[in-house]
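# What the coordinates show
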Amino acid sequence: HVALGASHSNEDWHNIFQEGSEAFETVRTDGLDAEQRARAAAGLAELWYCQASAKSLRLRDHASFEAVQSLARRSIAKTHEALAEIRELGLGETRLAATMLKDLGKVHGFLASIFGGSEATSRQFLAEALRIQQRLDRPAECETENIQRLMRDRPSNFETAAEILTLDGDQIDVVLHDVEQ
């Protein structure tokens with residue numbers, strides 16, 4: 001999150017992401033237990049999402065669009081990996097699982113907001129995160145509010161948001177053409 005904040009300034013934030021990535025990879029490799037390694041995978045996924053978000057502020061050409069999309073997809077894949085690992089440990093109904101599901105919903109929504117597409121996948125993950133969060137003995141109120149905010153921020157009628165960029169339509173070509181000029 002530090003690098004994401006720095007990305008809004010003229011500060012060189014690329015090294016912060018690199019250092020964070022290396023640290024999470026070290027824990028993934030050398031972690032003492034399976035839960036710690038799963039948490040590191042989730043941390044790495046969040047780092048990639050933050051990097052995609054930072055890069056999305058500077059979309060200039062086709063390569064920059066692809067870089068953002070690739071980072072977000074890597075984030076999704078790594079979060080699925082981490083979620084599978086904690087479920088194998090019997091932790092699928094915990095705050096940790098709810099956080100990972102929230103992150104999946106957030107990143108799917110991020111992709112849909114930039115590249116177009118359905119918000120249904122985002123909503124499914126957010127709804128599952130909220131279900132788990134509300135069933136906890138002591139739900140974290142701030143987490144519950146965050147999930148609810150993410151659910152509210154998702155357009156319920158995506159037809160009105162269809163003007164957002166898509167990779168499979170003419171709109172992206174128009175945008176890239178305008179950027180080149």
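Quick look at the structure, then. Everything numeric in this text was worked out from a predicted model, so none of it was measured. (Residues numbered from 1 in each chain as written. Predicted model: local features only at pLDDT ≥ 70, side-chain atom pairs only at ≥ 80, totals over all residues. Heavy atoms only, no water.)

Here we come to the overall build of the protein. Looking only at helices and strands, the protein features eight helices and zero strands. If you list the helices and strands of the protein from N to C, you get α-α-α-α-α-α-α-α. For the protein, the residues scored as buried account for 44% of the 181 residues in total. In the protein, the proportion of contacts linking residues at least 24 apart, taken out of those at least 6 apart, comes to 65%. If you sum the accessible surface of the protein, you get close to 9900 Å²; carbon and sulfur atoms cover 49% of it. (Helix = DSSP H or I, 4+ residues; strand = E, 2+ residues; numbered from the N terminus. Buried < 20%, exposed > 50% of the residue type's maximum accessible area, 1.4 Å probe, protein only. Contact = heavy atoms within 4.5 Å. Areas by Shrake-Rupley, 256 points an atom, 1.4 Å probe, with all protein chains shown as cover.)

A separate point is the packing of aromatic side chains. Inspection of the entire model under this criterion finds two aromatic pairs. A centroid spacing of 5.3 Å and a plane angle of 85 degrees characterise the contact between Tyr49 and Phe110, whose relative ring orientation is edge-to-face. With Tyr49 in helix α3 (residues 34–56) and Phe110 in helix α5 (residues 95–115), this residue pair connects regions lying 61 residues apart in the sequence. Judged by centre distance (6.2 Å) and plane angle (70 degrees), the ring pair of Phe65 and Phe115 falls under edge-to-face. Remark: Phe115 occurs in helix α5 and Phe65 occurs in helix α4 (residues 62–88); sequence separation between them is 50 residues. Look at Phe65 and you get buried, because its relative accessible area is 2%. Looking at Phe115, the relative accessible area reads 6%, which means it is buried. (Phe/Tyr/Trp six-rings, centres within 6.5 Å; stacked < 30°, edge-to-face > 60°.)

What follows concerns the packing of α5 against helix α6 (residues 120–135). Two elements in contact, α5 and α6, have axes separated by 7 Å at closest approach and are oriented at 160 degrees. In terms of their interaxial angle, α5 and α6 are classed as roughly antiparallel. When you trace α5 past α6, the crossing you get is left-handed. Together, Arg95, Ala97, Ala98, Leu101, Lys102, Leu104, Gly105, Lys106, His108 and Gly109 of α5 and Thr121, Ser122, Phe125, Leu126, Glu128, Ala129, Ile132 and Gln133 of α6 make up the contact between the two elements. Tallied by class, residues from the contact of α5 with α6 come to eight nonpolar, six polar and four charged. (Axes fitted to C-alpha atoms, helices over the stretch in contact; angles between N-to-C directions. Parallel < 35°, antiparallel > 145°, perpendicular 65-115°, else oblique. Left-handed = near helix turned anticlockwise from the far one by under 90°. Nonpolar A, V, L, I, M, F, W, Y, C, P; charged D, E, K, R; others polar.)

Functional significance is not addressed by these values, which are geometric in nature.
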